[in-house]
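Commentary on secondary and tertiary structure
Residue strings, one per chain:
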Amino acid sequence: MQKPLPKHQLRRCILLLKKLLYRACCTDADVADTECNTMESNYFGLALISAASKAMKDLYDRSSRRPLCIPKLWLVEDLLEKDIRRCKSHHDFVSLLSAPVLRVCPFLVSFKRRLKLFERIVTTDRINIQGSNEQHNLKPGVVVRIMRNRVLEDGLMTLNNLGRNMRQRIVVQYLNQAGATETGVDVGGLFKEFWTDLSGLAFDQNYALFRATEGSGNCLYPNPSSAAAHGVDHIVLFEFLGRILGKALYEGITIQPQFAHLFLSFLRGDYNFLHMLPDLSTIDPQLYNNLMFLKTYEGDAADLCLTFAVANDDFGGNKEVSLIPNGANVEVTNANKHRYIGLVAKHHVCDRVKEQSEAFTRGLWEVIDRSWLQLFNEPELQVLISGSSDGKIDVSDMKANTRYAGGFSGLDKHVSRFWRIMSSFNSQQQADLLRFVTSCERPPPLGFASMNPPFTIQRVGIMRDGDKLPTASTCFNTLKLPTYSSEKVLKERLIYALQAGAGFELT
């Protein structure tokens, strides 16, 4: 077995490939489109660029899982910054996706800048379709009526046939137990609340559409046994879940689910089969260890009595599946054991979840164009979906980007008390407060500077501490904070409001 390159040599390769790709994609006017096949093309140069970009992408993907170097080593400073600033319309932003650097080697552009480009593409498209409060041209949208105890069922019934019309504005009207419409006008807040609740229910493992990885992070991937649990309807459900995720991305709503690396690859539309064994280690560590034992086994593999067939366990029912034609009668030997290892990994990582993943991506791509997602690799795509991996709230960033209304300012003693309390909260309490105000318990991927409308604290004057609890206007991301007499009272009232769900209030 050949010895792998040490890290310092890999870093030299990264620097060399970065210079080559940057020159090809950004400097040389002669190489504007690496996929163009004309008589005048330099075929050797195009082949060299293709090989270099593939090698660089594999290195970048590997570094995303286990860092090979500092993040700065991959980047070309200020790349595309001026181009993004020049863009004014949705067409301008989308046209940047055809730039050679973003098609061939997007990792040369900083992740934050690619996030900004994605956010501008989605926002400009959303404004074109839905209108906006700021421009006073908000369109009526699609009205959906939801009973609070039937969020998933009513959501599926009313939304699943919208298809690409899911990009339109959705206006939520909640119905109470008697079927009467609840008080409240939805200009964004009720929708965010509904969509956060809907995604929480839809991706619940108890619904048997998703499983969690065993090896790392409790991340979700499609349940290979979903057909046994839901019958033929499981494909319809996966398409619906894809639309749920797509709509969340389209509306800038960060949601809770963390997805497995293998599933994120399917969402991008280009699964890398080099990752099969690492992916298998996350969903079935025992099987992975068994395959690694076979790979390094120095004896006769025929002694292990293996054949090219595996048994699938679907809720207690075993079904034998051949990995190759007549596989149950083909013995695993030293000569073919590497093929066997690859086929077993492919069966568990790809084949068993292929139907579900393809249905999910069909729904997702109806709302979010595939080309928009290919700006990111798998870990970056997870940040786009649910914010930073730990989900912790940067209180200093939140404070720096907060607006004040109703007579409050950043120097007010009541505001200072609030920020001291916020800093003293644990992660769950901070998430609860963010959800209380914005309907989302995770901050935006680009931080609070990108939150629209901005996080706002509004003054509510009171005569006595018992007059009012803190409330929120989730449509405008506004916390309505009464002027309590002390920090102790403010903390008690704030915690009580979070636990009681005092929440939505007309403004």
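We now turn to the structure provided with this report. (Residues numbered from 1 in each chain as written. Predicted model: local features only at pLDDT ≥ 70, side-chain atom pairs only at ≥ 80, totals over all residues. Heavy atoms only, no water.)

1. A closer look at the overall build of the chain
Convention followed: The numbering of helices and of strands both runs from the N terminus, where a helix is a DSSP run of H or I of at least 4 residues and a strand a run of E of at least 2. Computation of the radius of gyration draws on C-alpha atoms, with the globule rule given as 2.2 Å multiplied by the number of residues to the power 0.38. Buried residues are those whose accessible area, probed at 1.4 Å on protein chains only, stays under 20% of the maximum for their type, while exposed residues exceed 50% and partly exposed ones sit between those limits. Note on contacts: a residue pair qualifies if any of its non-hydrogen atoms lie within 4.5 Å across the two residues. Residue-level accessible areas treat just the shown protein chains as cover; the underlying method is Shrake-Rupley with a 1.4 Å probe. Charge assignment: positive for Lys and Arg, negative for Asp and Glu; neither His nor the chain ends contribute. Charged side chains are reduced to one point each, which is NZ for Lys, CZ for Arg, CG for Asp and CD for Glu.
If you tally the helices and strands in the chain, you get 21 helices and 10 strands. For 507 residues, the compact-globule estimate of 2.2 N^0.38 gives 23 Å, and the chain sits close to it at 26 Å. In terms of overall dimensions, the chain has C-alpha extents of about 85 × 60 × 45 Å along its principal axes. Evaluated residue by residue, the chain yields a buried proportion of 49% over its 507 residues. At a minimum sequence separation of 6, the contacts of the chain that also span at least 24 residues come to 70%. A total accessible area of about 25,200 Å² is found for the chain, and carbon and sulfur atoms account for 52% of it. Put simply, the chain has 60 plus and 54 minus side-chain charges, and the middle of one group is 7 Å from the middle of the other.

2. Let's talk about the pattern of salt bridges
We apply this condition: Basic side-chain nitrogens of Lys or Arg form a salt bridge, by our definition, when they fall within 4 Å of a carboxyl oxygen of Asp or Glu.
A full pass over the atoms with the stated rule returns 23 salt bridges. The shortest N-O distance in the salt bridge between D279 and R65 comes to 2.5 Å. Within this pair, whereas D279 is found in helix α12 (residues 276–283), its partner R65 is found in helix α2 (residues 43–65), the two being separated by 214 residues in sequence. The exposure class assigned to D279 is buried, which follows from its relative accessible area of 0%. The salt bridge involving R268 is made with D270; its shortest N-O contact spans 2.6 Å.

3. Topic: helix α21 (residues 487–500)
Here is the rule we go by: Take the number of residues in a helix, subtract one, and multiply by 1.5 Å to get its expected span. What the arc measures is the spread of directions leading from the helix axis to the C-beta atoms.
Over its 14 residues, α21 runs 20 Å from end to end, which matches the ideal 20 Å to within 8%, given 1.5 Å per residue. Within α21, burial applies to V489, L490, L494, A497 and L498. End-on view of α21: buried residues confined to an arc of 160°, all on one side of the axis. Residues of α21 that are exposed and angled more than 90 degrees away from the buried face: K488 and Q499. The inward-facing, buried residues of α21 abut α19 (413–424), α20 (427–438) and β10 (478–482).

4. Describing the state of the cysteines
Which entries qualify depends on this criterion: Only a pair of cysteine sulfur atoms within 2.5 Å counts as a disulfide in this structure description.
By the definition in use, this model includes zero disulfides. Cysteine C69 shares no disulfide, and the gap to the nearest cysteine sulfur, in C13, comes to 11 Å. The thiol sulfur of C105 is not disulfide-bonded, and the nearest other cysteine sulfur, from C25, lies at 3.9 Å.

5. Brief notes about the packing of aromatic side chains
Short version of the rule: The rule is short: rings of Phe, Tyr and Trp, with Trp giving its six-membered ring, pair when the centres are within 6.5 Å, and they are stacked under 30 degrees, edge-to-face over 60, tilted in between.
Taken as a whole and assessed by the stated rule, the structure comprises 22 aromatic pairs. Considering the side-chain rings of Y271 and F273, the 5.3 Å spacing of their centres and the 85° angle between planes classify their relative orientation as edge-to-face. Residue class for Y271 comes out buried when judged on its relative accessible area of 12%. Here F273 falls in the partly exposed class, since its relative accessible area comes to 46%. By way of ring pairs, the aromatic residues F203, F210, F238, F259, F263 and F360 are connected into one cluster.

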